[in-house]
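# Survey of secondary and tertiary structure
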Amino acid sequence: MAELEVAEETTNNTKIRKDEGEMKPWEQHSAVISIPRYDYKAPTSMLNRSFSGFLVTCPIKREKSATKEVMSILDKYVRSINTCGFEGEEGPQNVDPKRRKVVVSETKEECTKHTENKILDGTTGAVEVSEGSCLSSTKSDANIESSDPLSLVKLTKSGLLLLTFSCGHCPDVVDIVSKIMQSLESGSLKAPLWCHRILPVQTTCVLHEKELCTQVSKLVADFMNNEGKELARPIKFAVGYNRRGAEETELKGANGNSNPVAILDRSKCFEVVAAAVKSIVSDSVVDLKCPELTVLIELLPISQLPKGSSPIVAVSVLPQKLIMTKPRLCIKALVPDTKSKK
C-alpha cells in the first residue's frame, strides 16, 4: 500500500511539473535565445584588466529586444570559440540553442519515468541512487549550458549594450564584425531590426593618458604587422572620440552619489592618440575623409563604478572597410540608412 501511495504521489507531481512546463510566449522566446545575465563584477574587474567584446547601439527602450537579436547573430560567428577544446565531439556549446533546452527537459522526464518504474518494482533503494545520479547529471549539463563566453555589462546610458568576453576568451572581434558585415551584404544574414551598429571592442582601459597611449600603440603595432603591410605610405589615419554617457557620469558627481570624475578633453585625447600612432608609424598623416587606419575611443558609461574611480573606455583600431566618415566618423551601420541617402 505504501509503495502504491508513493507511486501515485510521484505521478501527480509529474503531472504538475508538466503543467508548469507550459511556458508563456515570452518565456518560450527566452528559452530559445539565452540572454546573458548582468556581470555585476565587471565594474571592478575592468579597472584591473582589459576586456574585449562588442558595443551595440539600438533604439532607446529596445535594449532587451536588441540583446536577443545580437545574441542570435553572434551565436553563428562566436560558436567556434565555445568548443572548449573538444574537437570532433558535439559538446553542449556546439549544440544549437533551440536543442539545448530540449535535451535538459528530456533528461528530467527520463529520470522521472525511471523513478516511477523503480517504485512500482519495489526497488526503493535503487531509486534513490538512480534519481540522485540523474539529478546530478542534469545539474552538470545545465551548468555547462549556462557557461556563456559573453557577459552583459550594465550601463547608465540607454540605447547601448556592452557584451564582454570572459577571461580566457580572446577572439578576433574585428574579424567577427567583418564577417557579419559581409553576410549582411551578401544577403546570407537577415537584416536586424533593433541593432544599429556593432563596434568590435578590442580592449578596454582606464581613461588615463599613459594607459591610453600604451593600448593604442599596441593595437596599431598589431594592425601594421597584419593589414598594414599592404598599405602604401604614408599611412592615412583618423581618430574618433565618443563621449556618450559623459553627462550621466558628471551628474552622478553633482548628485553626491560619487565624486566628480574629470573626463579627458576631446582635443587632449586626439593629441595622445595621434602621438601613439606616430610612435609606431612615423610616416603617418591625418586624413579624415579617407583614413586607412581609424582609432575609435568610446567612453563606456558603466554602472556602479567604484567611488572616485576613473572612467573606462573601449579602444579599437579598425580598417577602412568597417568605417564611414559621413556624416561623422564611426563604424558602419549594419543596415544602410536609406533616409539619410535621400
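Calculation notes
- Residues numbered from 1 in each chain as written.
- Predicted model: local features only at pLDDT ≥ 70, side-chain atom pairs only at ≥ 80, totals over all residues.
- Heavy atoms only, no water.
- pLDDT = per-residue confidence, 0-100.
- Contact = heavy atoms within 4.5 Å.
- Core = buried A, V, L, I, M, F, W, Y, C linked by side-chain atoms within 4.5 Å.
- Buried < 20%, exposed > 50% of the residue type's maximum accessible area, 1.4 Å probe, protein only.
- Helix = DSSP H or I, 4+ residues; strand = E, 2+ residues; numbered from the N terminus.
- Polar contact = N/O pair within 3.5 Å; in protein donor to acceptor, adjacent residues only side chain to side chain.
- Pairing = 2+ DSSP bridges.
- Axes fitted to C-alpha atoms, helices over the stretch in contact; angles between N-to-C directions.
- Salt bridge = Lys/Arg side-chain N within 4 Å of Asp/Glu carboxyl O.

Under the annotation held in an unreviewed UniProt entry, the protein carries the name THUMP domain-containing protein and is attributed to Centaurea solstitialis.

### Some details on the confidence of the model for the protein
On average, the protein scores 76 in pLDDT, and the residues at 70 or more come to 63%. Per-residue pLDDT stays below 50 along residues 25–30; that stretch engages in two contacts with residues further than four places along the chain or on separate chains.

### A short note on the nonpolar core
By size, the foremost hydrophobic cluster in this structure holds 46 residues, and its most contacted members are F54, L55, V70, L74, I180 and I198. In this structure, V70 is in contact with V56, L163, C195 and I198, ignoring residues within four places of it in sequence. Listed in part, the 28 residues of the second largest apolar core include L207, M224, I235 and L264.

### Quick word on the side chain of T204
Tracing the backbone shows T204 in strand β5 (residues 203–206). Given the relative accessible area of 2%, T204 is considered buried. A distance of 3.0 Å separates a polar side-chain atom of T204 from the backbone nitrogen of F51. Not counting chain neighbours up to four residues away, the residues in contact with T204 comprise R49, S50, F51, L300, I312, V313 and A314.

### A closer look at the sheet that holds strand β3 (residues 160–165)
Across the sheet, which stays open at both edges, the four strands sit in the order β2-β3-β1-β4 with antiparallel pairing between neighbours. Of all strands in the sheet, those with a lone pairing partner are β2 (150–153) and β4 (197–201), marking the two edges. Strand-to-strand, the axes of this sheet are offset by a mean angle of 25°, without reference to chain direction. Relative to β3, β2 runs antiparallel, the two sharing four bridges. If you follow L152 over to β3, its bridge partner there is L163. In the packing of helix α4 (residues 63–78) onto the sheet, the strands contacted are β1 (53–57), β2, β3 and β4, and the crossing angle to β3 comes to about 35°.

### A look at the sheet that holds strand β9 (residues 312–319)
The five strands are arranged β5-β9-β8-β6-β7 in an open sheet whose pairing can be described as mixed. Each end of this open sheet is capped by a strand with a single partner; those strands are β5 and β7 (284–286). Along the sheet, successive strands turn relative to each other by an average axial angle of 30°, direction set aside. Bridge count between strand β6 (residues 235–242) and β7: three bridges; the pairing is parallel.

### Describing the pattern of salt bridges
Per the counting criterion, the structure on display carries six salt bridges. For the salt bridge of K268 with E209, the shortest nitrogen-to-oxygen distance reads 3.9 Å. With K268 in helix α10 (residues 266–280) and E209 in helix α8 (residues 209–226), the pair connects residues that are 59 residues apart, well separated along the chain. Between D283 and R233 there is a salt bridge, with the nearest N and O atoms lying 3.0 Å from each other. Taken as a pair, D283 in the loop between α10 and β7 and R233 in the loop between α8 and β6 lie far apart in primary sequence, 50 residues in all. Within this structure, E209, K268 and E271 form a network of salt bridges that share partners.

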